[in-house]
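# Per-entry structural report
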Amino acid sequence: MQFFKKELTWRDYILSNDVMMLSKEEQFSQFLRNHKNKLLLTKDEINGDLFGSLLAWGFFLGRLDEKKYPAIYLPRYEELKRLYHFLPEYSLAISQISGVRDFILSFNTENNDIKDVRWRKESGHLDIIITPDRGSIDPRDFSFLPAKFSYDLLFALGVADFNSLGETYEKNSDLFFELPIVNLDNNPANESYAQLNLVDPMFNSIAELSADLMIRINSNAVKGEVAQCLLTALVEATDNFKNLKVTPKTFEIASFLMENGGDHQKIVNALYETESLYSLKLWGKMLQRLEEDGNFVWSYLTEEELACFDFPKIVVKRFFVRLKNYLDLGNRKLMLFWPEKTGNEESKMNYFLFKVERDREEERDLIKRLKGEFLNSEIALASENDFDKNNFIQSVEKIKNKIIQKND
């Protein structure tokens, strides 16, 4: 393809007739080849599926580019690594996006050269001292220019819209408007905001979509740490393959990953079979509080009971998944509630909801009205800010009534 021999802007690249004739997978491969400084990121509400998939993409892209690994923006990487301690270390995980763009002070030296430049920092300001070769400096010879970004491509994983990025977007909005973006997601509500949108709701998880795409791009690169990270993400996303919507394709991908370095037993031992005493006690409290109420089976955990966990949302989801696998629910929905402090002594009530089908329009509408999100094809997560933390049961009843009315 002749036009790749000259440098193009990403807008020229996207609008090129040659590129538009390619499949999305081929366009993606061209994106990867033509952008050398990639930044991978995901939404604020990170989970095992996203964490494992994000690491896998980092290792995979490094393999494709002669071990030039992309940066991954993960503010809570160290905490997540304690939870997923068995996964390989990723040295280019960054906790903040800073210094991604220089600011240039330019001086026209055509009529008067610069003899010396120095700087000093004091009293809360920085002085740049410029000494001209002769006479005084004409202010008209100065200009201020923003330099190129340190990154030339953003790769957003599981990001349905910019709002789900939270502070990442608020503090770095210029990145998202000036750099090309690849948007990979399985959420049908994804707004397809990027220059290249790889959005496919037919896949039940980010891990499965990622693995399928990687294998088609270069199956030889899906091995070792890539396979282990993807298999971890797949185990987390499918409840260790107990999810009712697991397909033959899921098992096919899992088998490929295990044949190429993914250690399923190691993952299961670390995530499901090794329990602390406190974790077992918490599990017991959740079982003890189980209540049956019409179309619902529900339980709850308190904020204080979850205080010792780095990622209570992930821990609660594991409890929730185990609970729904144990129960014979029939046509009833399962809910698990827990409060979370949001700052300034304010809290919100989080809850998981099982037996909602993402494929059904009325169920999608229900979760949308609740301002929640599907974590997979049958589990959703939502929150409620308007609740009485001093009367937990009454708050639960209020939320249940809200769901029943909206579901009717």
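Residues numbered from 1 in each chain as written. Predicted model: local features only at pLDDT ≥ 70, side-chain atom pairs only at ≥ 80, totals over all residues. Heavy atoms only, no water.

## Focus: the overall build of the protein chain
The helix and strand tally for the protein chain stands at 15 helices and 16 strands. Taking all 408 residues of the protein chain together, 49% fall into the buried category. In the protein chain, the share of contacts with a sequence separation of at least 24, taken over all contacts with a separation of at least 6, comes to 64%. (Helix = DSSP H or I, 4+ residues; strand = E, 2+ residues; numbered from the N terminus. Buried < 20%, exposed > 50% of the residue type's maximum accessible area, 1.4 Å probe, protein only. Contact = heavy atoms within 4.5 Å.)

## What to know about the confidence of the model for the protein chain
Averaged over every residue, the pLDDT of the protein chain is 82; the share at 70 or more is 88%. Taken together, the stretch residues 1-19 has pLDDT below 50 and engages in 27 contacts with residues farther than four places along the chain or on a different chain. (pLDDT = per-residue confidence, 0-100.)

## Here's the deal with the pattern of salt bridges
Summed over all chains, the structure comprises 19 salt bridges. Among the salt bridges present, the one from Asp-116 reaches Arg-118, with a minimum N-O distance of 3.4 Å. Among the residues examined, Arg-118 registers a relative accessible area of 42% and is labelled partly exposed. The residue Glu-397 makes a salt bridge to Lys-400 at a minimum N-O spacing of 3.2 Å. Taken together, the residues Glu-397 and Lys-400, both in helix H15 (residues 392-407) and 3 residues apart, mark about one turn of the helix. On the basis of relative accessible area, Lys-400 is assigned to the buried category, the value being 2%. Here the residues in one salt-bridge network are Asp-239, Lys-317, Lys-324 and Glu-378, joined through shared partners. (Salt bridge = Lys/Arg side-chain N within 4 Å of Asp/Glu carboxyl O.)

## Brief notes about the sheet that holds strand S2 (residues 71-73)
Strand order in this open sheet of 6 strands is S3-S2-S1-S8-S9-S10, and the pairing throughout is parallel. At either end of the open sheet lies a strand with only one pairing partner, and these are strand S3 (93-94) and strand S10 (196-199). Sheet topology places strand S9 (residues 181-185) next to S10; 4 bridges connect them, and they run parallel. The partner of Asn-183 across the bridge, within S10, is Asn-197. Packed on one face of the sheet, helix H4 (residues 48-64) meets strand S1 (38-42), S2, strand S8 (153-157) and S9 and runs near 170° to S1. Relative to the sheet, helix H8 (residues 206-218) contacts S8, S9 and S10, its axis offset from that of S9 by approximately 120°. (Pairing = 2+ DSSP bridges. Axes fitted to C-alpha atoms, helices over the stretch in contact; angles between N-to-C directions.)

## Re the nonpolar core
Core analysis: the biggest nonpolar cluster contains 54 residues, and Phe-28, Phe-51, Leu-55, Trp-57, Phe-155 and Leu-184 have the highest contact counts within it. With 9 residues, H4 is the single largest residue contributor to this core. Dropping the residues within four chain positions of it, Phe-28 is found in contact with Trp-57, Phe-155, Val-182, Leu-196, Leu-198, Leu-213 and Ile-217. Counting residues in hydrophobic clusters, the runner-up holds 22 residues, among them Met-286, Phe-309, Phe-352 and Leu-375. (Core = buried A, V, L, I, M, F, W, Y, C linked by side-chain atoms within 4.5 Å.)

## Observations concerning the environment of Gly-52
Checked against the element boundaries, Gly-52 lands in helix H4. Taking relative accessible area as the criterion, Gly-52 reaches 0% and is therefore assigned buried. Sequence separation between Gly-52 and Tyr-84 is 32 residues; the distance between their C-alpha atoms is 8.9 Å.

## Some points on the packing of aromatic side chains
Counted under the stated rule, the structure contains 23 aromatic pairs. Arranged with centres 6.0 Å apart and planes meeting at 40°, the rings of Trp-283 and Phe-319 form a pair that is tilted. Of this pair, Trp-283 sits in helix H12 (residues 277-288) while Phe-319 sits in helix H13 (residues 312-326), and the two are 36 residues apart along the sequence. Every member of this aromatic cluster is reached through a ring pair, and the members are Phe-162, Tyr-169, Phe-176, Phe-177 and Tyr-193. (Phe/Tyr/Trp six-rings, centres within 6.5 Å; stacked < 30°, edge-to-face > 60°.)

## Brief notes about the packing of H4 against H8
Helix-helix packing: each pair is described by the crossing angle between the helix axes and the interaxial distance. Packing of H4 against H8 brings their axes to within 9 Å, and their N-to-C directions diverge by 15°. With respect to their mutual orientation, H4 and H8 come out roughly parallel. Crossing handedness for the pair H4 and H8: left-handed. Across the interface between the two elements, Asp-49, Leu-50, Ser-53, Ala-56, Trp-57, Phe-60 and Leu-64 of H4 pack against Ile-206, Ala-207, Ser-210, Leu-213, Met-214, Ile-217 and Asn-218 of H8. (Parallel < 35°, antiparallel > 145°, perpendicular 65-115°, else oblique. Left-handed = near helix turned anticlockwise from the far one by under 90°.)

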